[in-house]
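This is what each chain is made of:
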Amino acid sequence: MERVGVVGCGLMGSGIAEIVARAGANVMIVEQDAEAMARGRERIEKSLSRAVAAGKVPEDEANRALANMLFSVDYADLWDRQLVIEAVAENEEIKLAVFRKIDAEVKDPDALLATNTSSIPIIKLAMVTKRPEHVIGMHFFNPVPVLKLVELISSLLTSPETSARVRAYATDTLKKRVITSPDRAGFVVNALLIPYLLSAVRMLESGFASAEDIDTGMVVGCAHPMGPLALTDLIGLDTTLAVAESLYEEFKEPHLAPPPLLSRMNQAGLLGRKTGQGFYSYKS
Ligand code: CAA
């Protein structure tokens, strides 16, 4: 994979673009407008300079990675890509529209189309393309440059060759650990993680415990790197809500239903770190 495309340069897309460029590919990053593109570029530059300052990435590798990245607002610039990884907002309508556009522009018949969706069935995205056998789920974890896991999700129509090629790329080139999941809402990790996060929101909402005590309990008592409410802020309350809705729609179990507080905070635009306020404040 020498020419890779990444569509969407938000929290996840910027991390994916960073590691793909560091691994040596030429990356075409497509965003919806110039403002989103500038924010994405800034996020990548900040992440790389922090990694260089911490001694995690040699300076020449970071410079090479930046030189390997191209930014565009035109899907036609994906025409020569061998792999395109979609990482736009976790919204089915948006992702379906984006997949139609990617499929229309990518010319190589062997090119692979991957989605970083957390919860939308891969088959739904595959079916709006002319190449469902080349569509696969490639689910990264935030922060992408730091967390080693990738979930690979084949749909009922993904070919074994597609799965083998993406697995080899994720393990050998990106140096990630791969687990496989069936094409079910939440896949493996979010099917476990999201009910836990929702339980923490319910605990807070019911007055059972304070946000600080809930998080301290899990950090100090269970050695989690961060508590569930801080983690929800990191993931984004919009993404957490979207995954919870997908899980609830698929399994109809009460513990998967989003608690009202999560919905109200979304309606208020309190989405966590990305907006500067969630369960905690990130305004400096
Ligand atoms: N490249 C390489 N290394 C980097 C880097 C980069 N761009 N940026 C940071 N690092 C390194 C740092 O140098 C640091 O290294 P050391 O531990 O050796 O010092 C390490 O990565 C951690 O980085 P931070 O400085 O940001 O450190 P932190 O200690 O504050 O940790 C955290 C922050 C990584 C977010 C940690 O709290 C954590 O792992 N939290 C849990 C996150 C989690 O669960 N994510 C999954 C969310 S679910 C999801 O994403 C999927 C979904 O669909 C919802």
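Our structure's up above, just so we're on the same page.
**Student:** Pulling in residues and values, what's your account of the nonpolar core?
**Tutor:** Ranked by size, the top nonpolar core spans 37 residues in total, and within it Val-20, Ile-85, Met-138 and Phe-140 carry the most contacts. A total of six residues in this core trace back to one element, the largest contributor, which is helix α1 (residues 11–22). Residues Leu-197, Ala-230, Leu-231 and Tyr-280 belong to the second largest nonpolar core, which totals 24 residues.

**Student:** Break down helix α4 (residues 92–105) for me, citing the residues and quoting the values.
**Tutor:** Compared with an ideal rise of 1.5 Å per residue, which puts 14 residues at 20 Å, α4 spans 20 Å between its outermost C-alpha atoms and is within 8% of the ideal. Buried within α4 are the following residues: Lys-95, Leu-96, Val-98, Phe-99, Ile-102 and Asp-103. Burial along α4 is one-sided: seen end-on, the buried residues are contained in an arc of 165°. Residues of α4 that are buried make contact with β1 (3–7), β4 (83–86), β5 (112–115), α5 (122–126) and β6 (135–140). Sitting at the amino-terminal end of α4 is Asn-91, which places a side-chain oxygen 3.0 Å from the backbone nitrogen of Glu-93.

**Student:** How would you explain the side chain of Thr-129 if you had to name every residue and give the values?
**Tutor:** Examined against the element boundaries, Thr-129 turns out to sit in the loop between α5 and β6. At 2.7 Å, the side chain of Thr-129 forms a polar contact with the backbone oxygen of Ala-126. Here Arg-131 takes part through its backbone nitrogen, which lies 3.1 Å from a polar atom of the side chain of Thr-129. Those residues in contact with Thr-129 that sit more than four places away from it in its chain are Phe-99, Asp-103, Leu-113 and Val-135.

**Student:** How would you sum up the site of the ligand? Please name residues and give values.
**Tutor:** Around the ligand, the surrounding shell holds 22 residues, and the nearest of these are Glu-18, Lys-56, Ser-118, His-139 and Asn-142. Here a nitrogen atom of the ligand sits 3.1 Å away from a polar atom, N or O, in the side chain of Arg-22. Separating a nitrogen atom of the ligand from a backbone N or O atom of Asn-142 is a distance of 2.8 Å. For the shell around the ligand, the per-class residue count stands at 13 nonpolar, five polar and four charged. Residue assignment places the shell around the ligand across two domains, with domain 1 (3–181) and domain 2 (190–275) each supplying three or more.

**Student:** Please give an account of the sheet that holds strand β7 (residues 149–154) that cites residues and values.
**Tutor:** Taken in spatial order, the eight strands make up an open sheet running β3-β2-β1-β4-β5-β6-β7-β8, and their pairing is mixed. If you trace the sheet from one side to the other, it starts and ends with β3 (69–72) and β8 (177–181), each paired once. Put simply, the sheet's adjacent strands are angled 25° from each other on average, direction ignored. Of the pairings in the sheet, the one linking strand β2 (residues 26–30) to β3 comprises four bridges and is parallel in character. Within the sheet, the bridge partner assigned to Ile-29 lies in β3 and is Phe-71. Relative to β6, helix α6 (residues 160–173) is tilted by about 25°, and along the sheet it contacts β1, β4, β5, β6, β7 and β8.

What counts and how
In this numbering scheme, every chain counts its residues from 1 along its sequence in written order. The predicted nature of this model means local features are confined to residues of pLDDT at least 70 and side-chain atom pairs, given and counted, to a pLDDT of 80 or more, with totals for whole chains, interfaces and linings taken over all residues. Hydrogens and water are ignored here; the side-chain numbers use all heavy atoms of the structure. Residues enter a nonpolar core if they are buried and are Ala, Val, Leu, Ile, Met, Phe, Trp, Tyr or Cys, with the set joined through side-chain atoms within 4.5 Å. Only protein chains enter the area calculation, which uses a 1.4 Å probe; residues under 20% of their type maximum are buried, those over 50% are exposed, and those in between are partly exposed. Secondary structure elements follow DSSP: runs of H or I of four or more residues count as helices, runs of E of two or more count as strands, with numbering from the N terminus. Here, expected helix span is obtained from the residue count minus one, scaled by 1.5 Å. To be clear, the arc concerns the directions from the helix axis to the C-beta atoms. Contacts were defined at the residue level, with two residues in contact if any of their heavy atoms lie within 4.5 Å. Under the rule applied, a polar contact is a pair of N or O atoms within 3.5 Å (in protein, one hydrogen donor and one hydrogen acceptor; residues adjacent in sequence only if both atoms are side-chain atoms). We call a residue near a molecule or strand whenever a single non-hydrogen atom of that residue lies within 4 Å of it. Note on residue categories: nonpolar means Ala, Val, Leu, Ile, Met, Phe, Trp, Tyr, Cys or Pro, charged means Asp, Glu, Lys or Arg, and polar means any other residue, Gly included. Those domain boundaries reflect an automatic or database domain assignment. When DSSP locates at least two bridges between a pair of strands, those strands are taken to pair. Here, axes are lines fitted to C-alpha atoms. For helices the fit covers the stretch in contact, and angles between N-to-C directions go from 0 to 180 degrees.

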